[in-house]
Amino acid sequence: MNKEPSNNTNNQNSNEISITERGAGGENDGISENSNSENDSARVTPWEVEGQIDYDRLVKEFGTQQIGSEIFEQFERIVGEVHPMLRLHYFFSHRDLDFVLRKVESGEKIYLYTGRGPSGMVHMGHLMPWMFTKYLQDKFGSDLLFQLTDDEKFLYSQNRTKDEIKRFTYENILDIIAVGFDPKNTKIIVDTTHIKHLYPIALEIAKRITFSTAKAVFGFSGSTNIGMIGFPPIQAAPCFLPSIIEGKPTPVLIPAAIDQDPYWRMTRDVAEKMGFYKPAQIHSKFLPSLETQGGKMSSSKPETAIFTTDEPEVIDKKVAGSFTGGQATVALQRLYGGNALGCPVFWYLRYFFDDQKESDERFVKCVSGNLLCGECKSDLARDSKSFINNLKKRREKAKDSIEKYMYENEPYQF
Ligand code: TYM
């Protein structure tokens, strides 16, 4: 079977159960894992995501808003449906999304903005916000700025050379194009290539942010190199570039996982002082690590993730070796059932491949002891191999269309 990520928006049934990860499950949680537990070991920054993440707690700590029925109703009104990534609470939190959706409803032009730090190859977790961004681009007909922060990734790691980052930038551009963004409405910005478009805006931002604020927001310390300390205004700049391009304040919506939120907190602080709208965000959860309970799929830990360039045998091996929520033996699994909520294989299938009905049935079968981990692993390996196989073909084709996507329609070579 050739299965693409589930995009079935007409899948709600009246007997639906609501299954959510730790917290931020919206308003009608049927089953959710321990959403208010204290857990001080979790750490979420733009550069590090560790531990068991409590998404309810992040909403409180970061001061964002949960996505609930009012946002669903706005989407219903505008596009006539609620995308599964919203309905399943994969996108769970926002800032000013209601404001941007009102602008869309009134026919005003908005921009989308998202990005990638090219520190390695792209994995399926990165693709989630990009696929949702493509969906929004298709539905709203919006222009999209896609930033590659090659400067950030060079500065962040002492061991990375500029040549390595350049190669990853090229490889990542192929993945971005393979997602299927509309070349007419999409502009890729590579920081070191297109800096002249960002730098004047970044200077205005930088001048309004003190070192104490940067330390408090990003956790910089005395041992942080000064390049990293100076970097955040460069990631903030595309939030205001649309207003420069359009010649008037223009709303921007940023789809990304919640790890990027510190950048937007800082940017929102200075936006109105600079005469712009505060950039709006829609935050996703993380596709979990395949290797452990807790933590996210990470390109710096290859065993935790399935990459867009992985060979079928590698996918088989990673999925076969994945952590699950299963019991120690088949007999115990049949007796007590599995812990689907703590199982990366379950979440991976739910967010990426199963439609909601299939996933709800998988959940019930797992927790009642009627499904063994081997079956879920085999489904995940099959669906991932088929998805990656198709994506690889689109990556290959993308080599011929890079120029159409670059900010100045120029080639990108490494
Ligand atoms: P980066 O390269 O760390 O991540 C790229 C995008 O993928 C999201 N993400 C994930 N989503 C789901 N599951 C995961 N396991 C997972 N890991 C990462 C990130 O939130 C991000 O949306 N500094 C940024 C690059 C950037 C950017 C932006 C990102 C520049 N401008 C605007 C988002 C929006 C970075 O290093 O992303």
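Provided above is the structure to which this section pertains.
Given the structure is predicted, the values throughout are model-derived calculations rather than measurements.

Engineer: How should the pattern of salt bridges be read in this particular structure?
Structural biologist: A pair can form between side chains of opposite charge whenever their charged atoms are brought close. According to the stated counting rule, one finds 27 salt bridges in the structure shown. In this structure, Asp261 engages Arg95 in a salt bridge whose closest nitrogen and oxygen atoms are separated by 2.5 Å. You can see Asp261 sitting in helix α13 (residues 261-271) and its partner Arg95 sitting in strand β6 (residues 91-95), a full 166 residues away along the chain. Arg95 matches Asp261 in its accessibility class, with the two residues each being buried.

Engineer: Can you help me understand the packing of aromatic side chains in this one?
Structural biologist: Two numbers describe a pair of aromatic rings. These are the distance of the centres and the angle of the planes. This model, assessed by the stated rule, comprises 28 aromatic pairs. Ring centres 4.6 Å apart and planes at 20° place the aromatic pair Phe240 and Phe276 in the stacked group. In this pair, Phe240 sits in the loop between α11 (232-236) and α12 (241-246) while Phe276 sits in the loop between α13 and β11 (280-284), placing the two residues 36 residues apart along the sequence. Here the two residues Phe240 and Phe276 agree in accessibility, since each one is buried. Pairing Tyr263 with Trp264 gives two aromatic rings, centres 6.1 Å apart and planes at 50°, and the pair type is tilted. Owing to a relative accessible area of 0%, Tyr263 belongs among the buried residues under this scheme. The ring centre of Phe154 lies 5.2 Å from the NZ or CZ of Lys162, which sits over that ring. Taking the ring centre of Tyr412 as reference, the NZ or CZ of Lys166 above it sits at 5.4 Å.

Engineer: Explain the layout of surface pockets to me, please; I cannot follow it from the model alone.
Structural biologist: Taking a probe equal in size to a water molecule and rolling it over the atoms shows the remaining empty space. In this model, the largest pocket occupies a volume close to 940 Å³. If you go around the largest pocket, you meet 45 residues; those closest to its centre are Arg116, His126, Lys153, Asp259 and Lys296. Among the elements of the structure, β4 (49-50), β7 (111-116), α5 (124-140), α6 (150-156) and β10 (252-257) are those that each provide at least two residues to the lining of the largest pocket. Partitioned by chemical class, the residues of the lining of the largest pocket number 17 nonpolar, 18 polar and 10 charged.

Engineer: What am I meant to see in the site of the ligand here?
Structural biologist: The immediate surroundings of the ligand are formed by 26 residues, with Arg116, Gly117, Glu152, Gln235 and Asp259 found nearest. Contact distances for the ligand include 3.1 Å between a nitrogen atom and a backbone N or O atom of Gly125. Considering the ligand on its own, with 690 Å² of exposed area, one finds that the protein chains cover 99% of that surface. In this structure the site holding the ligand corresponds to the largest pocket. Mapped by element, the contributors of at least two residues to the shell around the ligand are β7, α5, α6 and β10. In terms of residue class, the shell around the ligand is made up of 10 nonpolar, 10 polar and 6 charged.

Engineer: Would you take a moment to explain the side chain of Thr324 for this structure?
Structural biologist: Mapped onto the fold, Thr324 is located in the loop between α14 (312-320) and α15 (330-336). On the basis of relative accessible area, Thr324 is assigned to the buried category, the value being 17%. Discounting chain neighbours no more than four positions away, the residues touching Thr324 are Cys343, Pro344, Val345, Cys373 and Lys377.

Engineer: Please explain the nonpolar core as it appears in this structure.
Structural biologist: Nonpolar side chains in soluble globular proteins tend to end up buried together. Among the nonpolar cores identified, the biggest contains 79 residues, and Phe75, Leu86, Met124, Ile173, Ile188, Leu287 and Tyr348 are the most heavily contacted of them. Apart from residues no more than four positions distant in its own chain, Ile188 is found in contact with Phe146, Leu148, Ile173, Ile176, Ile177, His194, Tyr405, Met406 and Tyr407.

Engineer: Could you clarify how one ought to interpret the pairing of β11 in this entry?
Structural biologist: Looking along a regular strand, one sees side chains alternate from face to face of the sheet. Among the 5 residues of β11, 5 are classified as buried, and the element is accordingly described as predominantly covered. Pairing analysis gives 4 bridges linking β6 to β11, with the strands arranged antiparallel. Bridging from a neighbouring strand, Arg95 pairs with Gln281 of β11. Of the strand pairs in this sheet, β10 and β11 are connected by 5 bridges, and their pairing is parallel. If you follow Pro255 over to β11, its bridge partner there is Ile282. Note that the unit made of β10, α13 and β11 has a crossover that is right-handed.

Engineer: What is the right way to read helix α16 (residues 344-353) from this model?
Structural biologist: Given 3.6 residues to a turn, an α-helix orients residues that are three or four positions apart in the same direction. Across the 10 residues that make up α16, a large majority, 10, are buried. Listed as buried for α16 are Pro344, Val345, Phe346, Trp347, Tyr348, Leu349, Arg350, Tyr351, Phe352 and Phe353.

Engineer: How should I be thinking about empty space enclosed by the protein in this particular structure?
Structural biologist: Per the counting criterion, the structure on display carries 3 cavities of 30 Å³ or more. By volume, the second largest cavity is sized at about 110 Å³. Taken together, 14 residues form the lining of the second largest cavity, with Cys343, Phe346, Cys366, Cys373 and Cys376 sitting closest to its centre. Residue assignment for the lining of the second largest cavity shows that the elements contributing at least two residues are α16, α17 (356-367) and α18 (373-398).

Rules behind the numbers
- Residues numbered from 1 in each chain as written.
- Predicted model: local features only at pLDDT ≥ 70, side-chain atom pairs only at ≥ 80, totals over all residues.
- Heavy atoms only, no water.
- Salt bridge = Lys/Arg side-chain N within 4 Å of Asp/Glu carboxyl O.
- Helix = DSSP H or I, 4+ residues; strand = E, 2+ residues; numbered from the N terminus.
- Buried < 20%, exposed > 50% of the residue type's maximum accessible area, 1.4 Å probe, protein only.
- Phe/Tyr/Trp six-rings, centres within 6.5 Å; stacked < 30°, edge-to-face > 60°.
- Lys NZ or Arg CZ within 6 Å of the ring centre and 35° of its normal.
- 1 Å grid on protein atoms, 1.4 Å probe; cavity = no way out; pocket = protein on both sides within 12 Å on 5 of 7 lines; lining within 4 Å.
- Points joined across faces, edges and corners; volume = space filled by probe spheres on them.
- Nonpolar A, V, L, I, M, F, W, Y, C, P; charged D, E, K, R; others polar.
- Near = heavy atom within 4 Å.
- Polar contact = N/O pair within 3.5 Å; in protein donor to acceptor, adjacent residues only side chain to side chain.
- Areas by Shrake-Rupley, 256 points an atom, 1.4 Å probe, with all protein chains shown as cover.
- Sits in = over half its atoms within 2 Å of the grid points.
- Contact = heavy atoms within 4.5 Å.
- Core = buried A, V, L, I, M, F, W, Y, C linked by side-chain atoms within 4.5 Å.
- Pairing = 2+ DSSP bridges.
- Right-handed = clockwise from strand over helix to strand, strands pointing away.

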